Amino acid sequence: MNQEFILAVEALEKEKDISKDTLIDAIEQALVSAYKKNYSNSQNVRVNIDRVTGDIDVYMRKIVVSDEDVMDEYGELTLDEAHEIDPKYQLGDVIENRVTPRDFGRIAAQTAKQVVVQRIREAERGMIYDDYSNRQGEIITGEVQRISNETVFINMGKTEGILAVTEQARGEHYDINSRLKVYIMDVKKTTKGPQVYLSRSHPGLVKRLFELEVPEIREGIVEIKSISREAGSRTKIAVSTNDPDVDAVGSCVGPRGSRVQAVVDELFGEKIDIINWSDQPDELIKSALSPAKVEQVFINSAEQSALAIVPDYQLSLAIGKEGQNVRLAAKLCGWKIDIKSHTQFEEQGIPWDLESQAEEDGGIVEVEESQAEENDEIVEVEESQAEEDDGIVEVEESQAEENDEIIEVEESQAEEDDGIVEVEESQAEENDEIIEVEESQAEEDDGIVEIEEAQEEETDGIGEL
């Protein structure tokens, strides 16, 4: 029993984190190579290692052939030789003979060692690749091991990750032996083993950091809907929740800003804006342009574009330094955003292909350049002019009836015994609406007022309407 061999394999299993069966298979292949190196180049050798006792046996495999077909004495034997071992053998059968050598030569032993080391290295590389390929898109904490040509190499324990210059955040400085969190962006197989490519500028880094700091995000109560980032400068995040009792933004900010501050510290002071997600494009764009205040948003759904109107003093804040704020807002929303000040909006108006998202009385109001100066009275006249009850509109509809009464007065004017004053008094009783049209008519105390003049004044009043 070779107990020392089994103990050595188990120790190697714990050290390399490679299964015992994988190690023993590698040793078996190494012994096959050593035997062929020392004795023969034939392919008919099999090595078996007992997993419990550690005993090693080498078997020579030979095929039973006829006497005239024997070509290789190490791999073939005649039928008569096979019958000497067991009479049951027939042509074509495979016979295994135990040929375990007492000792290998120095060259064979060195070959076995090289094969074992190579197989162990290949097993390690395969495990590392499988491990990190499954963790792609996650973050890991590593230690800065070395810096070469501005490329930072991160020690992650089992392997070394590469943080290229293009994946480094602007303004960040890395010191040797300093620890930092990095985002696993990609894993590739190479001749030198698996290469793990890391990133400090990927938006996924911010998302994973918030998942670490905010339990509501880890549990799925709060969801990060969208992220736009300019690494090293500013990040915008839109969050939402289906639980009405949970404040999505407040959960990410934390008590006294502790949660978001932990993320900011990990990103070396990068600014982070957190807003509520909305399915309404205009509301989402208003929130995305924060901290600027937006007066109104016009949407062009066909071209996925929007026009935001901001106060004059908020224009530079809405655009941001070098256009950063509006650029991040556009990435966050997925819309092309143009910004105009209130003065520019009044002077230039809006394109006709944009639709106003401001809703009044359940409908979309059509915006004209002069609409901002319209008063409510004019709108009410256009909407309810037919329903007025003071008789202004009814004058047009009942004018024929009023004229009939006036004509009767004119025809009987000559036959009246009393004065024209009595006609005016009776006329006022018959039709109060006609007398109310002219305020001066009720004040006249002389009897001679021509009804034709009053008619003209009534006609003028109707024309003014």
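Residues numbered from 1 in each chain as written. Predicted model: local features only at pLDDT ≥ 70, side-chain atom pairs only at ≥ 80, totals over all residues. Heavy atoms only, no water.

1. Points about the overall build of the protein
Per the secondary structure count, the protein includes 18 helices and 18 strands. Sequence-distant contacts in the protein: of pairs separated by 6 or more residues, those separated by 24 or more amount to 58%. Looking at the protein as shown, the accessible area adds up to about 28800 Å², and 44% of this sits on carbon and sulfur atoms. (Helix = DSSP H or I, 4+ residues; strand = E, 2+ residues; numbered from the N terminus. Contact = heavy atoms within 4.5 Å. Areas by Shrake-Rupley, 256 points an atom, 1.4 Å probe, with all protein chains shown as cover.)

2. Topic: the sheet that holds strand β12 (residues 271-276)
As summarised here, the arrangement of the three strands in space is β10-β11-β12, forming an open sheet in which the pairing is mixed. Every other strand in the sheet has two partners, leaving β10 (222-230) and β12 as the edge strands with one partner each. On average, each strand axis in the sheet is tilted by 20 degrees relative to the strand beside it, whichever way the strands run. Summarising the sheet, strand β11 (residues 234-241) and β12 pair through six bridges and their orientation is parallel. The residue of β12 that forms the bridge with R234 is K271. Packed on one face of the sheet, helix α11 (residues 324-333) meets β10, β11 and β12 and runs near 140 degrees to β10. (Pairing = 2+ DSSP bridges. Axes fitted to C-alpha atoms, helices over the stretch in contact; angles between N-to-C directions.)

3. Side note on the confidence of the model for the protein
Predicted coordinates in regions of low pLDDT should not be interpreted in detail. Looking at the protein as a whole, the pLDDT averages 75, with 71% of positions reaching at least 70. Considering each helix and strand of the protein separately, the mean pLDDT is smallest for strand β18 (residues 363-364), with a value of 35, and largest for β11, with 95. Low pLDDT (under 50) marks residues 355-452, which in the prediction has 66 contacts with non-local residues, meaning those over four places away or in another chain. Note on residues 458-465: pLDDT is under 50 here. Beyond four places in sequence and across chains, it has nine contacts. (pLDDT = per-residue confidence, 0-100.)

4. With respect to a negative patch on the surface
Taken together, the side chains of D67, E68, D69, D80, E81 and E84 define an acidic patch exposed on the protein surface. Here D67 shows up in the loop between β2 (56-65) and β3 (76-78). Exposure remark for D67: the relative accessible area of 48% places this residue in the partly exposed category. (Patch = residues over 30% accessible without salt bridge, like charges linked within 9 Å, V, L, I, M, F, W, Y side chains within 5 Å. Salt bridge = Lys/Arg side-chain N within 4 Å of Asp/Glu carboxyl O. Lys, Arg positive; Asp, Glu negative; His and termini not counted. Charge placed at Lys NZ, Arg CZ, Asp CG, Glu CD. Buried < 20%, exposed > 50% of the residue type's maximum accessible area, 1.4 Å probe, protein only.)

5. Some remarks on the pairing of strand β1 (residues 45-49)
In β1, alternate side chains face the same way, and those of V45, V47 and I49 are buried while those of R46 and N48 on the opposite face are not. Relative to β2, β1 runs antiparallel, the two sharing five bridges. Of the residues in β2, the one forming a bridge with V47 is V58. Linking β1 to β2, which pair antiparallel, is a turn of six residues; within it G54 sits at a positive phi near 85 degrees.

6. A closer look at helix α2 (residues 20-38)
Its 19 residues give α2 an end-to-end C-alpha distance of 27 Å, which sits within 8% of 27 Å, the value for a rise of 1.5 Å per residue. Restricting attention to buried positions, one finds in α2 the residues K20, L23, I24, A26, I27, E28, A30, L31, V32, A34, Y35 and K36. (Expected span 1.5 Å × (residues − 1).)

7. Points about the packing of helix α1 (residues 3-16) against α2
Close contact between α1 and α2 brings their axes to 9 Å; oriented N to C, the two are set at 120 degrees. Judged by the inter-axis angle, α1 sits oblique to α2. The two elements α1 and α2 meet at a crossing, and its hand is right-handed. Between α1 and α2, the residues in contact are F5, I6, V9, E10, L12 and E13 and K20, L23, I24 and I27, respectively. Looking at the contact of α1 with α2 residue by residue, the class counts come to seven nonpolar, no polar and three charged. (Parallel < 35°, antiparallel > 145°, perpendicular 65-115°, else oblique. Left-handed = near helix turned anticlockwise from the far one by under 90°. Nonpolar A, V, L, I, M, F, W, Y, C, P; charged D, E, K, R; others polar.)

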